[in-house]
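These are the residues of each chain, in order.
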Amino acid sequence: MNEQLDGKILVVDDEERIRRLVKMYLERESFEVDEAEDGEEALELALEQEYDVILLDLMLPGKDGIEVCKELREKKATPVIMLTAKGEEANRVQGFEVGTDDYIVKPFSPREVVLRVKALLRRSSATKFLQTETATKDVLVFDHLTIENDAHRVKADGVDVNLTPKEYELLLFLAQSPDKVFDREQLLKEVWQYEFFGDLRTVDTHVKRLREKLSRVSKEASKMIVTVWGVGYKFEVEGE
């Protein structure tokens, strides 16, 4: 059980019973846990402090989870797992559009929450371990884009691009196989890595956000992520 994935988690839910239950299970796994009961408090804590993962309930008094995530993404790329009720499919898609990395459907098992948090942490922190194994060799360089995997850094035309863990993983996965076409099912399986019952639109919303962020810095870099109509996406590298 010594995965060394312990970190700092923010649990946001207006039901104290749920917060305390999730906190208890996370603390058993050596995580440090803060709590927030509404959107305003959650956003204030998330911006003031550094969290490794935020567990964010969709339905909150005041600012809801969508608003909190949207405002957070304007300043930080902290991994976010949205907690949603069964009948909120449209809201989950909206959550992905504003930058949510994953979601868990209520009612849920606290053990599932712990596993999801660990899975997200494992992926977003993997590069910390890569540094000792790869030195500075794990770098992909293209005309308008550089991906430094050991530093978890993306530069478009020399300017840093701030991506969420999932956006970064998606870009890296595509860039590692230039000009290879992947359908949405493949991308869900490969990039989301564990059992994921998601809408295929999840991929589309992440691609859209990724292109938008790249485009703000470099139009040419954003054009490298190409839609192959009726199939999926590929990372296109122009020939010499």
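Please read all numbers here as calculations on a predicted model, not as lab measurements.

Spatial strand order, β2-β1-β3-β4-β5: five strands in an open sheet with parallel pairing. Taken across any chain shown, the strands that pair with only one partner, and hence form the sheet edges, are β2 (32-36) and β5 (102-106). In this sheet, neighbouring strand axes are inclined to one another by 20° on average, regardless of whether the strands run parallel or antiparallel. Relative to strand β3 (residues 53-57), strand β1 (residues 8-12) runs parallel, the two sharing four bridges. Each residue of the ladder has a partner; that of L10, found in β3, is I54.

Of all hydrophobic cores here, the largest spans 28 residues; its most connected members are L145, I147, V154, L171, L187 and F235. Breaking this core down by element, the ones donating at least two residues are β7 (145-148), β8 (153-156), α7 (165-175), α8 (184-192), α9 (201-217) and β12 (232-235). With seven residues, the top contributor of residues to this core is α7. Core analysis: the next-biggest nonpolar cluster, separate from the first, contains 21 residues, L45, L60, C69 and M82 among them.

Parameters at a glance
Residues numbered from 1 in each chain as written. Predicted model: local features only at pLDDT ≥ 70, side-chain atom pairs only at ≥ 80, totals over all residues. Heavy atoms only, no water. Pairing = 2+ DSSP bridges. Helix = DSSP H or I, 4+ residues; strand = E, 2+ residues; numbered from the N terminus. Axes fitted to C-alpha atoms, helices over the stretch in contact; angles between N-to-C directions. Core = buried A, V, L, I, M, F, W, Y, C linked by side-chain atoms within 4.5 Å. Buried < 20%, exposed > 50% of the residue type's maximum accessible area, 1.4 Å probe, protein only.

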